[in-house]
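Chain and residue survey
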Amino acid sequence: GTKVVAAGAGRSLVVFDVSNPSSPQPVGGYSTRDYMVGVELFGSVAVVTTIPIFLSNLTMQTYDVRDVSSPQKLGSLLVNDGQVFTNILALSGTTAYFPFRDADFGTNNVGGFHTVSLSDPSKPAVLGAYEAHGTSYESIAVDGTTVYATGYLDGMDIIDVSIPSSPSLLGTFQYNDTYLHGVTVNNGFAYSIIGGSNTILCIVDVHDPQSPTLFTTLEDLPCERMVNMGDTIYDNSIAMHGTTVYYSCSGSFGIIDI
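Worth saying up front: this structure is predicted, and the values here are computed from it rather than measured.

1. Points about the nonpolar core
- In terms of nonpolar packing, the biggest core is built from 15 residues, with Y148, M156, F173, A190, V204 and V206 touching the most fellow members.
- Every element with two or more residues in this core is listed here: β15 (156-160), β17 (181-186), β18 (189-194) and β19 (200-205).
- Broken down by element, the residue count for this core peaks at 3 residues, all from β19.
- With near-sequence residues (within four places) excluded, V204 lies in contact with M156, F173, G188, F189, A190, P212, T213 and F215.
- By size, the runner-up hydrophobic cluster in this structure holds 13 residues, among which are I88, A90, Y130 and A149.

Take a look at the structure:
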(Lines give C-alpha, C1' and ligand atoms only; values in the text may rest on other atoms or scores of the structure.)
Protein backbone atom coordinates (compact mmCIF):
# COMPACT_ATOMS: atom_id res chain seq x y z
CA GLY A 1 0.00 0.00 0.00
CA THR A 2 1.09 3.55 0.69
CA LYS A 3 1.95 3.16 4.38
CA VAL A 4 5.23 2.08 5.97
CA VAL A 5 5.60 1.04 9.61
CA ALA A 6 9.06 1.66 11.08
CA ALA A 7 10.75 1.14 14.41
CA GLY A 8 12.20 4.49 15.39
CA ALA A 9 15.82 4.98 16.41
CA GLY A 10 14.44 5.85 19.87
CA ARG A 11 11.42 4.55 21.79
CA SER A 12 8.74 4.84 19.15
CA LEU A 13 6.81 3.03 16.44
CA VAL A 14 6.17 5.38 13.51
CA VAL A 15 3.76 5.06 10.56
CA PHE A 16 4.69 6.94 7.37
CA ASP A 17 2.56 7.86 4.37
CA VAL A 18 4.69 7.10 1.29
CA SER A 19 2.12 7.93 -1.40
CA ASN A 20 4.73 10.49 -2.46
CA PRO A 21 7.94 8.38 -2.27
CA SER A 22 10.16 11.45 -2.53
CA SER A 23 8.61 12.94 0.61
CA PRO A 24 7.47 10.39 3.24
CA GLN A 25 5.28 11.94 5.94
CA PRO A 26 4.69 10.61 9.49
CA VAL A 27 0.96 10.09 10.08
CA GLY A 28 0.89 8.24 13.39
CA GLY A 29 2.93 6.53 16.05
CA TYR A 30 3.22 4.96 19.48
CA SER A 31 5.81 5.73 22.15
CA THR A 32 7.12 3.24 24.69
CA ARG A 33 9.73 3.05 27.45
CA ASP A 34 11.69 0.39 25.56
CA TYR A 35 13.90 0.88 22.52
CA MET A 36 12.20 -0.46 19.37
CA VAL A 37 14.74 -1.91 16.96
CA GLY A 38 12.90 -4.18 14.51
CA VAL A 39 9.41 -4.49 13.02
CA GLU A 40 7.49 -6.79 10.67
CA LEU A 41 3.83 -6.68 9.61
CA PHE A 42 1.46 -9.57 10.21
CA GLY A 43 -1.73 -8.47 8.45
CA SER A 44 -2.77 -5.33 10.30
CA VAL A 45 -0.55 -6.19 13.27
CA ALA A 46 2.96 -4.79 13.73
CA VAL A 47 5.31 -7.21 15.48
CA VAL A 48 8.14 -5.32 17.18
CA THR A 49 11.42 -6.39 18.76
CA THR A 50 12.59 -4.26 21.66
CA ILE A 51 15.70 -3.66 23.72
CA PRO A 52 14.68 -2.80 27.28
CA ILE A 53 16.34 0.14 28.99
CA PHE A 54 18.49 -2.08 31.21
CA LEU A 55 19.25 -4.72 28.53
CA SER A 56 18.10 -7.46 30.88
CA ASN A 57 15.06 -9.04 29.26
CA LEU A 58 14.04 -10.55 25.94
CA THR A 59 10.83 -8.84 24.84
CA MET A 60 8.51 -8.38 21.88
CA GLN A 61 5.35 -6.33 21.42
CA THR A 62 2.36 -6.40 19.06
CA TYR A 63 0.39 -3.38 17.82
CA ASP A 64 -2.89 -2.93 15.94
CA VAL A 65 -2.15 -0.55 13.05
CA ARG A 66 -5.53 -0.61 11.29
CA ASP A 67 -5.93 3.01 12.33
CA VAL A 68 -2.55 4.29 11.16
CA SER A 69 -3.03 7.61 12.90
CA SER A 70 -3.30 5.91 16.28
CA PRO A 71 -1.65 2.45 16.63
CA GLN A 72 -2.79 0.53 19.69
CA LYS A 73 -0.74 -1.91 21.73
CA LEU A 74 -2.21 -5.43 21.70
CA GLY A 75 0.16 -7.56 23.70
CA SER A 76 3.72 -8.27 24.78
CA LEU A 77 5.95 -11.21 25.54
CA LEU A 78 8.76 -11.59 28.06
CA VAL A 79 10.74 -14.70 27.17
CA ASN A 80 13.70 -14.89 29.53
CA ASP A 81 15.93 -12.77 31.75
CA GLY A 82 19.41 -12.12 30.46
CA GLN A 83 18.65 -12.24 26.75
CA VAL A 84 17.88 -9.60 24.12
CA PHE A 85 16.59 -9.79 20.58
CA THR A 86 18.61 -8.70 17.63
CA ASN A 87 16.79 -6.32 15.29
CA ILE A 88 16.03 -8.92 12.62
CA LEU A 89 12.93 -11.13 12.82
CA ALA A 90 11.06 -13.31 10.35
CA LEU A 91 7.39 -14.27 10.01
CA SER A 92 5.77 -17.26 8.35
CA GLY A 93 2.04 -17.82 8.69
CA THR A 94 1.14 -17.32 12.32
CA THR A 95 4.66 -18.11 13.58
CA ALA A 96 7.39 -15.59 14.32
CA TYR A 97 11.10 -16.39 14.54
CA PHE A 98 13.19 -14.16 16.81
CA PRO A 99 16.99 -14.42 17.07
CA PHE A 100 18.43 -13.76 20.51
CA ARG A 101 21.78 -13.49 22.21
CA ASP A 102 23.09 -13.12 25.74
CA ALA A 103 22.52 -9.62 27.04
CA ASP A 104 26.00 -9.39 28.55
CA PHE A 105 27.59 -9.91 25.10
CA GLY A 106 30.14 -12.17 26.76
CA THR A 107 32.82 -14.24 25.10
CA ASN A 108 30.54 -17.30 25.00
CA ASN A 109 28.32 -15.50 22.48
CA VAL A 110 25.41 -17.84 23.20
CA GLY A 111 22.31 -17.35 21.08
CA GLY A 112 19.77 -18.89 18.75
CA PHE A 113 16.14 -18.15 17.99
CA HIS A 114 12.72 -18.55 19.57
CA THR A 115 9.57 -19.66 17.74
CA VAL A 116 6.51 -17.68 18.82
CA SER A 117 2.84 -18.23 18.00
CA LEU A 118 0.86 -15.19 16.83
CA SER A 119 -2.43 -17.07 16.49
CA ASP A 120 -3.76 -14.58 19.04
CA PRO A 121 -1.69 -11.39 18.51
CA SER A 122 -2.84 -10.07 21.88
CA LYS A 123 -1.29 -13.11 23.58
CA PRO A 124 1.91 -14.14 21.76
CA ALA A 125 3.16 -17.45 23.11
CA VAL A 126 6.52 -19.20 22.94
CA LEU A 127 6.36 -22.50 21.06
CA GLY A 128 9.99 -23.55 21.25
CA ALA A 129 13.59 -22.50 20.81
CA TYR A 130 16.75 -23.44 18.96
CA GLU A 131 20.11 -22.81 20.59
CA ALA A 132 23.02 -22.30 18.24
CA HIS A 133 26.20 -24.10 19.20
CA GLY A 134 28.85 -21.62 20.29
CA THR A 135 27.45 -18.71 18.34
CA SER A 136 24.50 -16.34 17.92
CA TYR A 137 22.57 -15.08 14.91
CA GLU A 138 22.25 -11.55 13.59
CA SER A 139 19.98 -12.39 10.65
CA ILE A 140 17.30 -14.93 9.92
CA ALA A 141 15.04 -15.86 7.00
CA VAL A 142 12.29 -18.46 6.74
CA ASP A 143 11.08 -20.34 3.68
CA GLY A 144 8.20 -22.72 4.34
CA THR A 145 9.31 -24.88 7.27
CA THR A 146 13.01 -24.08 6.94
CA VAL A 147 14.94 -21.33 8.71
CA TYR A 148 18.21 -19.91 7.37
CA ALA A 149 20.39 -18.12 9.92
CA THR A 150 23.67 -16.20 9.64
CA GLY A 151 25.67 -13.97 11.87
CA TYR A 152 28.39 -14.60 14.39
CA LEU A 153 29.47 -17.90 12.88
CA ASP A 154 31.52 -19.10 9.95
CA GLY A 155 28.75 -19.58 7.41
CA MET A 156 25.04 -20.34 7.55
CA ASP A 157 22.90 -22.73 9.59
CA ILE A 158 19.79 -24.34 8.06
CA ILE A 159 17.16 -25.48 10.57
CA ASP A 160 13.98 -27.53 10.20
CA VAL A 161 11.03 -25.85 11.98
CA SER A 162 8.27 -28.18 10.75
CA ILE A 163 7.76 -28.87 14.46
CA PRO A 164 7.97 -25.31 15.89
CA SER A 165 8.35 -26.61 19.43
CA SER A 166 11.43 -28.63 18.48
CA PRO A 167 13.58 -27.09 15.72
CA SER A 168 16.43 -29.28 14.46
CA LEU A 169 19.56 -28.64 12.42
CA LEU A 170 19.36 -29.78 8.80
CA GLY A 171 22.64 -28.59 7.37
CA THR A 172 25.36 -25.96 7.39
CA PHE A 173 27.22 -24.00 4.74
CA GLN A 174 30.64 -22.38 5.01
CA TYR A 175 32.49 -20.06 2.66
CA ASN A 176 36.23 -19.67 3.24
CA ASP A 177 35.75 -19.63 7.03
CA THR A 178 34.11 -16.22 6.65
CA TYR A 179 31.15 -14.63 8.40
CA LEU A 180 28.04 -14.43 6.21
CA HIS A 181 25.94 -11.41 7.19
CA GLY A 182 22.28 -11.02 6.34
CA VAL A 183 20.29 -13.68 4.52
CA THR A 184 17.31 -13.86 2.19
CA VAL A 185 15.92 -16.88 0.32
CA ASN A 186 14.26 -17.01 -3.11
CA ASN A 187 13.41 -19.95 -5.39
CA GLY A 188 15.79 -22.43 -3.82
CA PHE A 189 18.72 -20.06 -3.44
CA ALA A 190 20.02 -18.26 -0.35
CA TYR A 191 21.69 -14.87 -0.76
CA SER A 192 24.11 -13.45 1.80
CA ILE A 193 26.62 -10.60 2.04
CA ILE A 194 30.29 -10.68 2.99
CA GLY A 195 31.33 -7.16 3.97
CA GLY A 196 34.70 -5.48 4.02
CA SER A 197 36.94 -3.82 1.45
CA ASN A 198 35.67 -6.31 -1.16
CA THR A 199 31.92 -6.65 -0.71
CA ILE A 200 30.78 -10.07 -1.94
CA LEU A 201 27.32 -11.46 -2.67
CA CYS A 202 27.34 -15.17 -1.92
CA ILE A 203 24.63 -17.22 -3.67
CA VAL A 204 24.01 -20.69 -2.23
CA ASP A 205 21.95 -23.49 -3.78
CA VAL A 206 19.66 -24.71 -1.00
CA HIS A 207 17.30 -26.89 -3.04
CA ASP A 208 18.58 -29.68 -0.77
CA PRO A 209 18.76 -27.98 2.65
CA GLN A 210 20.75 -30.89 4.05
CA SER A 211 23.47 -30.41 1.45
CA PRO A 212 23.78 -26.72 0.48
CA THR A 213 26.37 -25.89 -2.17
CA LEU A 214 27.96 -22.70 -3.44
CA PHE A 215 26.28 -21.59 -6.68
CA THR A 216 28.33 -18.48 -7.40
CA THR A 217 29.74 -15.29 -5.91
CA LEU A 218 29.61 -11.71 -7.16
CA GLU A 219 32.59 -9.69 -5.98
CA ASP A 220 33.48 -6.01 -5.68
CA LEU A 221 29.84 -4.99 -5.36
CA PRO A 222 29.14 -1.25 -5.47
CA CYS A 223 28.33 0.36 -2.11
CA GLU A 224 27.38 4.02 -1.91
CA ARG A 225 27.83 5.87 1.36
CA MET A 226 24.50 7.28 2.51
CA VAL A 227 24.89 10.95 3.41
CA ASN A 228 24.14 11.78 7.06
CA MET A 229 23.01 8.23 7.83
CA GLY A 230 26.22 6.53 8.93
CA ASP A 231 25.70 3.53 11.15
CA THR A 232 21.90 3.86 11.20
CA ILE A 233 21.97 1.50 8.20
CA TYR A 234 21.98 -2.04 9.49
CA ASP A 235 25.44 -3.40 8.76
CA ASN A 236 25.66 -6.17 6.15
CA SER A 237 21.94 -6.84 5.65
CA ILE A 238 20.12 -7.95 2.52
CA ALA A 239 16.64 -8.07 0.96
CA MET A 240 15.30 -9.15 -2.43
CA HIS A 241 12.37 -8.18 -4.63
CA GLY A 242 12.01 -10.02 -7.92
CA THR A 243 15.50 -10.11 -9.42
CA THR A 244 16.72 -7.03 -7.56
CA VAL A 245 18.93 -7.38 -4.50
CA TYR A 246 19.18 -4.57 -1.93
CA TYR A 247 22.06 -4.75 0.51
CA SER A 248 23.96 -2.68 3.05
CA CYS A 249 27.59 -3.00 4.03
CA SER A 250 29.59 -1.02 6.58
CA GLY A 251 27.14 1.89 6.65
CA SER A 252 26.71 1.94 2.86
CA PHE A 253 23.96 0.79 0.55
CA GLY A 254 23.85 -0.95 -2.83
CA ILE A 255 21.39 -2.31 -5.40
CA ILE A 256 22.12 -4.87 -8.10
CA ASP A 257 20.00 -6.83 -10.56
CA ILE A 258 20.77 -10.51 -10.94
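2. Observations regarding the sheet that holds β17
- Spatial ordering of the open sheet is given by β17-β18-β19-β20, a layout of 4 strands whose pairing is antiparallel. Sheet topology places β17 and β20 (213-218) at the edges, where each strand pairs with a single neighbour. Mean inter-strand twist for the sheet, computed between neighbouring axes without regard to direction, equals 25 degrees.
- Note that β19 and β20 share 5 bridges and pair antiparallel. Residue pairing for β20: I203 is matched across the bridge by T216.

3. As for the environment of H114
- Tracing the backbone shows H114 in strand β11 (residues 111-117).
- Separated by 53 residues in sequence, H114 and P167 have C-alpha atoms that sit 9.4 Å apart.

4. Some points on the pattern of salt bridges
- Across all of its chains, the model carries 1 salt bridge by this definition.
- Between D64 and R66 there is a salt bridge, and its shortest N-O distance comes to 2.6 Å.
- Classification of D64 by relative accessible area gives buried; the value is 14%.
- Relative accessible area serves as the criterion here: at 66%, R66 is assigned to the exposed category.

5. Topic: the sheet that holds strand β16 (residues 168-173)
- Strand order in this open sheet of 4 strands is β13-β14-β15-β16, and the pairing throughout is antiparallel. Edge positions in the open sheet fall to β13 (137-143) and β16, since each of these has one partner strand only. Taken over all neighbouring pairs, the strand axes of this sheet differ in orientation by 25 degrees on average, direction set aside.
- In the sheet, β15 pairs with β16 via 5 bridges, with the strands oriented antiparallel.

6. Quick look at the side chain of S192
- The residue S192 is located in strand β18 in this model.
- Look at S192 and you get buried, because its relative accessible area is 3%.
- For S192, the side chain forms a polar contact with the main-chain oxygen of G182, separated by 2.5 Å.
- The contact partners of S192, leaving out residues within four places of it in the chain, are T150, L180, H181, G182, I200, L201, C202 and I238.

7. Some thoughts on the packing of aromatic side chains
- Summed over all chains, the structure comprises 4 aromatic pairs.
- Through successive ring pairs, a cluster of aromatic residues spans Y97, F113 and Y130.

Cut-offs used in this document
Residues numbered from 1 in each chain as written. Predicted model: local features only at pLDDT ≥ 70, side-chain atom pairs only at ≥ 80, totals over all residues. Heavy atoms only, no water. Core = buried A, V, L, I, M, F, W, Y, C linked by side-chain atoms within 4.5 Å. Buried < 20%, exposed > 50% of the residue type's maximum accessible area, 1.4 Å probe, protein only. Helix = DSSP H or I, 4+ residues; strand = E, 2+ residues; numbered from the N terminus. Contact = heavy atoms within 4.5 Å. Pairing = 2+ DSSP bridges. Axes fitted to C-alpha atoms, helices over the stretch in contact; angles between N-to-C directions. Salt bridge = Lys/Arg side-chain N within 4 Å of Asp/Glu carboxyl O. Polar contact = N/O pair within 3.5 Å; in protein donor to acceptor, adjacent residues only side chain to side chain. Phe/Tyr/Trp six-rings, centres within 6.5 Å; stacked < 30°, edge-to-face > 60°.

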